[in-house]
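# Remarks on the overall topology
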Amino acid sequence: MIRIPWAALIVLVMSLAFLPARPTMPGADLDASWGSVLLAAARQSWQFGPDIAFTYGPLGHLAVLEFDPDVFWWSVGLRAMLGVACGWGYHVISRGAGLSAPVSTGLLCLLLTPTFASFDTPWLLPAMLWPFVATSQDRRARQAAIGLAVAVGLVALVKFTTFALAMTLAALLLVDDAGRRRFPFASLTCVLTVGVTWVLCGQSPAHVLTWVRVSADLSSGFSEAMSTGTGPYQVRELLVFGAAATMVLAAPLVRWYTGPTTWREVVHPALALALVVFMQFKLGFVRQDAHVTAAFFAMPLVAVLAVMPLLPRRLPRDVRAFAVAVVLVAFAAYAYGLRRHFDRAAPPDHARAWLALQRHAIAALIRPTATHQQLSADRAAALDALRQTLPLPPMDGTVDVYGHHQGVVLAHPVVYRPRPVFQSYAAYTPALAARNRAHLADPAGPRHVLFDAETIDHRYPLMDDAASLPVLWSHFDVVGVVGPFVHFARRSAPRPYTLVEGPVTHAPLSAWMDVPGGDTPIWATVTVERSWLGRLAAVLYKLPPVVIDVSTADGVQREFRLIRAVGPTGFVASPLVSTPAHVVDLLAGRPPDAARQVRRWRVRPTWSWAYAEEMQVRFSPLPVPAR
C-alpha cells in the first residue's frame, strides 16, 4: 500500500497557489502603470519614504503580476517561501482540529479558489494563520509559528496594510507569550525579518520611520479621497458581509462557553480574527467596486480557521453544527460576491478557471527556461507596442509623469525619476502634496515633465496634485503636446510667481456661491471641516464623496468630486481644464470658451452630519507667468 505524504502534499498545493500562474505584460492603464513603477523601484533600489510614497512597500513588486525578467525569479522564490510557511501552518491547524489528512487536503483545495482569486487576500493569508498556530497548545506548532512569523515579516513589506497588521499581531502575541512566561520567539522573528528584509531590499534603516509616516498619511487619507458612494446594492453587500462576519466572530465565543479552554486560547485568536476581518472590510468596502471581492472571497478561509477548534468530537453536536453553519454562510457570501461582480459566474465556473491557471503554473514550472524565454519575448513585444502607440521625442535628463499613465512612458528608454507620490490622484493630503511640490521645485528634480490632465472618479479638473502646479508653471516651459501629455522642460531660472490672495468667505455648505473673475483664471481654496462623527466614520468605514456642483457661463450645470483634504491647498476653480489643449490655452493666457467658465458653484456633502455646517472659501486671481 502506497503511503501518501499528506503534509508534504498540503505544502506543495499551497506553494503552487502562491506562484504567479500567468504573468501579465506591461500596459498603460492605471493599475499596470503603478505596477511598472514598483518594478522599476525594485530594480533600482529606490528608497521608500524619501523617493517613493505609495500604499505598497519595498516588496510591493511581489503583488505585481507583470513579468519582469530582472525580478521574476526572486518573486517566484519569495512566493514559494510564503506558500511553504502557510501550508505548514494550515497542516498544524487542521491536525489540531482532528481533521484527517485527506479531508484537510481536500478542504484546502476548496478554500484556495476564492482566497487566491482576490488580489489582496493572499498577502493577508500568513497573518490569518499565524495567531491560530502561535497560540496552539500543540508542541509541534512552535516550529510552524516561527515559519509563519518569517512569512508575516515578508508580507509586511509588500503593502502598508499588511505591515500594520503584522506589527499589531506581533504585539498581541508578545503579550500572549508574556502571559505564558515563555520567550517570544515568533514575535521577535517577525520583527527581525522585517528589519533584515528591509536592508536586503537596498533600503536604508534611517528611512524606516519616514516610510511608516508617509504610508500612514496615505492610508489615513484613502478612506475619504478614494471612497465610492453607497447605493442600494452597496447596502446589500454590507448586510451580506456583516452577517457572515458576525457569525465568524461568534465562533471563538462559542468555544469559550462550551469547551474546557483557557482565556488566552480564545481571547488572543479572537482579537486577531477581528483585526483580520476589519482589514478585509476596509480593503473591500472603501471603494466597494471589484475591491469588495477581497472581503467576500476571504470569508470561507477566515470562517474555517475560526471554527476548526469547534470540530473535535469532544464538543457537543450542536456546536459542531454551528461550525458547519458558519462555513456555509461564509461560502454563501463568497458566492454572492462572485455573482455580483463577475457577470453572475457560478462558483464551479470560477473554480474551473482557477484550476486552469494552476495547471498553467505547473506547466511553466516543468519548463522554466522555455517559459522565461517566452515571457521575455512577450514582454519585448508589449513594450514595442506601447512605444508605437505613443512615440516620444528625445529627452535628455530625467523625466517625470503627471497623471496615471506612467506605463506608456516607461516603455521608452527614458531616465524616469518621479515625484514621491508618482500617480497624481494619490497626492490627496497636504503633507503628500507638499512632498511632491518640494521635489519639483528642487533644481535636482526632473528636467522634463509629461503632464496628463486626466483624473479619476470624476474629480474636479486639475485638482490632482494641484499644490505643485504653480511650481510646474513657473519652473518649466511648454515644449509641445505629445498624445495625452503636455511636454514641459525645466527653465534655467524660474519665472516670478506671486499669488495675491483674495478675502476669505464663510458660507454654509450646500449653498450656491458666485465665482468671480469671468474669463480670468481663478485659484480657489476650500476648507470643509469634519465633525467628530465624520472623523469616526472615516476610521471605522469611509466618507462618501463631497460634490461640487458648478454652473458655467453657457448655463450648463455639471457635477464633480471635491477631495476635501486637497481643498485648503488650492486648485484651479475656473476655467475647467481637462485636455492638453486646455492646459496650453491656460498658460498662454487665452480666454476660455463659455462652457469652461465657472460662474457659480456649491459644495454639497453626501452625509451632511459628517461635516461642520460652515465652510471657508477663498477666490484669488491666478497669475499666469509671462511667457
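So, here is what we can say about the structure in this document. Computed from a predicted model, the values in this text were never measured in an experiment. (Residues numbered from 1 in each chain as written. Predicted model: local features only at pLDDT ≥ 70, side-chain atom pairs only at ≥ 80, totals over all residues. Heavy atoms only, no water.)

## Notes on the environment of Ala325
The cut-off we apply is this: By the criteria applied, helices consist of DSSP H or I runs no shorter than four residues and strands consist of E runs no shorter than two, each listed in order from the N terminus.
By secondary structure assignment, the location of Ala325 is in helix 13 (residues 317–341). Sequence separation between Ala325 and Leu536 is 211 residues, and the spatial gap between their C-alpha atoms is 33 Å.

## Description of the packing of helix 1 (residues 6–18) against helix 3 (residues 72–96)
In plain terms, the rule: Inter-axis angles, ranging from 0 to 180 degrees, are taken between N-to-C directions of lines fitted to C-alpha atoms, where helices are fitted over the stretch in contact. Any angle from 65 to 115 degrees is called roughly perpendicular, while one under 35 is roughly parallel, one over 145 is roughly antiparallel, and all others are oblique. Each crossing gets its handedness from the near helix: less than a right angle anticlockwise from the far helix is left-handed, clockwise is right-handed. Contacts between residues were defined by any pair of non-hydrogen atoms, one from each residue, lying within 4.5 Å. Gly counts as polar in this scheme, as do all residues outside two lists: the nonpolar Ala, Val, Leu, Ile, Met, Phe, Trp, Tyr, Cys and Pro, and the charged Asp, Glu, Lys and Arg.
Where helix 1 meets helix 3, the closest approach of the two axes is 7 Å, and the angle between their N-to-C directions is 140°. The angle between helix 1 and helix 3 falls in the class oblique. For the pair helix 1 and helix 3, the sense of crossing is right-handed. Residues Ala7, Ile10, Val11, Met14, Ser15 and Phe18 of helix 1 form the contact with helix 3, whose participating residues are Arg79, Ala80, Leu82, Gly83, Val84, Cys86, Gly87, Trp88, Tyr90 and His91. Considering only residue class, the contact of helix 1 with helix 3 consists of 11 nonpolar, four polar and one charged.

## What to know about the pattern of salt bridges
Our working rule: Salt bridges are defined by distance alone: a side-chain nitrogen of Lys or Arg within 4 Å of a carboxyl oxygen of Asp or Glu. For every residue, the accessible area (1.4 Å probe, protein chains only) is compared with the maximum for its type, and the residue is labelled buried under 20%, exposed over 50%, or partly exposed between those bounds.
According to the stated counting rule, one finds 21 salt bridges in the structure shown. Arg604 is the partner of Asp549 in a salt bridge, and the nearest nitrogen-oxygen pair spans 2.7 Å. Here the residue Asp549 occupies a position in strand 9 (residues 546–552), and Arg604 occupies one in strand 12 (residues 598–605), the gap between them amounting to 55 residues. Among the ionic pairs, Arg590 bridges to Asp585, the shortest N-O distance being 2.7 Å. Overall, the relative accessible area of 46% leaves Arg590 in the partly exposed class. Asp585 sits in the partly exposed class, given a relative accessible area of 23%. Among the charged side chains, a salt-bridge network with shared partners connects Arg43, Glu66, Asp68 and Arg379.

## Examining the sheet that holds strand 3 (residues 448–451)
Heads up, the rule is: What makes two strands pair is DSSP finding at least two bridges between them.
Taken in spatial order, the five strands line up as 2-1-3-5-4 in an open sheet, and their pairing is mixed. Across the chains shown, the open sheet's two edge strands, defined by having one partner strand only, are strand 2 (415–416) and strand 4 (476–482). In this structure, strand 1 (residues 398–401) lies alongside strand 2, joined through two bridges in parallel fashion. Bridging across to strand 2, Val399 finds its partner in Tyr416. On top of the sheet, helix 20 (residues 580–588) reaches strand 3, strand 4 and strand 5 (485–490); it is set at about 40° to strand 5, its chief contact.

## With respect to the nonpolar core
Put simply, the test is: Joining through side-chain atoms within 4.5 Å is the link that ties buried Ala, Val, Leu, Ile, Met, Phe, Trp, Tyr and Cys residues into a set, and such a set is a nonpolar core.
Membership of the largest hydrophobic core comes to 180 residues, with the highest contact counts inside it found for Trp130, Phe451, Tyr460, Leu472, Trp473, Phe488 and Trp601. With six residues, the next largest nonpolar core counts Leu16, Leu19, Phe67 and Val76 among its residues.

## Notes on the packing of aromatic side chains
Operational definition: Aromatic pairing here means that ring centres of Phe, Tyr or Trp (its six-membered ring) are within 6.5 Å. Orientation follows from the plane angle: under 30 degrees is stacked, over 60 is edge-to-face, and everything else is tilted. Lysine NZ or arginine CZ positioned within 6 Å of the ring centre and within 35 degrees of the ring normal marks a charge as sitting over the ring.
Under the counting rule described, the total for this entry stands at 28 aromatic pairs. Ring geometry for Phe163 and Trp211: centres 5.2 Å apart, planes at 75°, overall edge-to-face. Here Trp211 lies in helix 9 (residues 208–225) and Phe163 lies in helix 7 (residues 160–180), a separation of 48 residues in the sequence. Positioned above the aromatic ring of Tyr402 is the side chain of Arg419, whose terminal nitrogen or guanidinium carbon lies 3.8 Å from the ring centre.

## Observations concerning the packing of helix 3 against helix 6 (residues 141–155)
Axes are the key here: two packed helices are described by the angle between their axes and the distance separating the axes. Where helix 3 contacts helix 6, the axes come no closer than 9 Å and their chain directions differ by 145°. At the point where helix 3 passes helix 6, the crossing takes the left-handed sense. On helix 6, the residues touching Leu78, Met81, Leu82, Ala85, Cys86, Trp88, Gly89 and Val92 of helix 3 are Ala141, Gln143, Ala144, Gly147, Leu148, Ala151, Leu154 and Val155. Along the lines of polarity and charge, the residues of the contact of helix 3 with helix 6 split into 13 nonpolar, three polar and no charged.

## Points about unusual backbone geometry
Cis geometry is found at the peptide bond from Ser574 to Pro575, where omega equals 5°. Its location among the elements puts Pro575 in the loop between strand 11 (571–574) and helix 20. Located in the positive-phi region is Ser45, a residue other than glycine, with phi close to 55°. Its location among the elements puts Ser45 in the loop between helix 2 (30–44) and helix 3.

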